[in-house]
Amino acid sequence: MVSKEEISMVGFTIVAYAGDAKTDLLNALKLAREGKFEKAEKLIEEANNLLVGAHNAQTKLMSQEANGEELETTFIMSHGQDTLMTTMLLRDEVKYFIDLYKQNLALRAEIEQLKEEMN
C-alpha cells in the first residue's frame, strides 16, 4: 500500500510542476500581448514540458492503483490534481488568445496598408 506521505509528496510534485507551468503561461500571454510571439512560444513549450512532468507523476500513481494497490486520497493530492487540470485548461486558453493577438496584429497591419494606399 502506498502511504499517505508518498501520495502527498506526489501531490506536492504535481503542484510544483503545474504552478511553474502556470507562471510560464501567464508570462507567455503577457509577451504575446506585447507582440513578442517567439518568446511567448518558447514559454509555452517550457510550460508543456513542466506539465509533462506533472502528468508523469500523476500517471505513476494511477498505474499503481490500476495494478491493485490501495491509495488514499489526500488534500494535497486533490490540490495537485486541481492545479494540474486548471493549468492545462489555461494552456489551451493562452494558445487561443495568442492566436487572436497574432490575427489582430495582422489585421492592424492590413488596415494601415490600406490607409497608406488611400492617401
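Residues numbered from 1 in each chain as written. Predicted model: local features only at pLDDT ≥ 70, side-chain atom pairs only at ≥ 80, totals over all residues. Heavy atoms only, no water.

**A look at helix α3 (residues 75-118)**
Next, step 1: Along its 44 residues, α3 runs 63 Å from first to last C-alpha, staying within 8% of the 64 Å computed at 1.5 Å per residue.
Next, step 2: Along α3, the residues classified as buried are M77, G80, T83, L84, T87, R91, V94 and I98.
Next, step 3: Residues of α3 that are buried sit in contact with α1 (4-33) and α2 (37-66). (Helix = DSSP H or I, 4+ residues; strand = E, 2+ residues; numbered from the N terminus. Expected span 1.5 Å × (residues − 1). Buried < 20%, exposed > 50% of the residue type's maximum accessible area, 1.4 Å probe, protein only. Contact = heavy atoms within 4.5 Å.)

**Let's talk about the packing of aromatic side chains**
Next, step 1: Overall, the coordinates contain one aromatic pair when judged by the stated rule.
Next, step 2: Note on Y96 and F97: the rings are 5.8 Å apart at their centroids and 75° apart in plane angle, and the pair reads as edge-to-face. (Phe/Tyr/Trp six-rings, centres within 6.5 Å; stacked < 30°, edge-to-face > 60°.)

**Describing the side chain of S8**
Next, step 1: Inspection of the secondary structure puts S8 in helix α1.
Next, step 2: There is a polar contact of 3.4 Å between the side chain of S8 and the side chain of T74.
Next, step 3: Excluding residues that lie within four positions of it along the chain, S8 makes contacts with T74 and I76. (Polar contact = N/O pair within 3.5 Å; in protein donor to acceptor, adjacent residues only side chain to side chain.)

**Topic: the pattern of salt bridges**
Next, step 1: As enumerated under the stated definition, the model contains five salt bridges in all.
Next, step 2: Between R91 and D92 there is a salt bridge, and its shortest N-O distance comes to 3.5 Å.
Next, step 3: With a relative accessible area of 17%, R91 lands in the buried category.
Next, step 4: On the basis of relative accessible area, D92 is assigned to the partly exposed category, the value being 40%. (Salt bridge = Lys/Arg side-chain N within 4 Å of Asp/Glu carboxyl O.)

**What to know about the layout of surface pockets**
Next, step 1: Within this model, the largest pocket holds a volume of roughly 190 Å³.
Next, step 2: In terms of lining, the largest pocket is formed by I7, Q58, L61, M62, E65, L71, E72, T73, M77 and Q81.
Next, step 3: If you list the elements that add at least two residues to the lining of the largest pocket, you get α2 and α3.
Next, step 4: The element best represented in the lining of the largest pocket is α2, accounting for four residues.
Next, step 5: Taken together, the residues of the lining of the largest pocket break down into five nonpolar, three polar and two charged. (1 Å grid on protein atoms, 1.4 Å probe; cavity = no way out; pocket = protein on both sides within 12 Å on 5 of 7 lines; lining within 4 Å. Points joined across faces, edges and corners; volume = space filled by probe spheres on them. Nonpolar A, V, L, I, M, F, W, Y, C, P; charged D, E, K, R; others polar.)

**Considerations on a nonpolar patch on the surface**
Next, step 1: On the surface, Y96, F97 and L100 cluster together into a nonpolar patch covering about 280 Å² of accessible area.
Next, step 2: Within the fold, L100 resides in helix α3. (Patch = residues over 30% accessible without salt bridge, like charges linked within 9 Å, V, L, I, M, F, W, Y side chains within 5 Å. Areas by Shrake-Rupley, 256 points an atom, 1.4 Å probe, with all protein chains shown as cover.)

The values are spatial; any link to function lies outside them.
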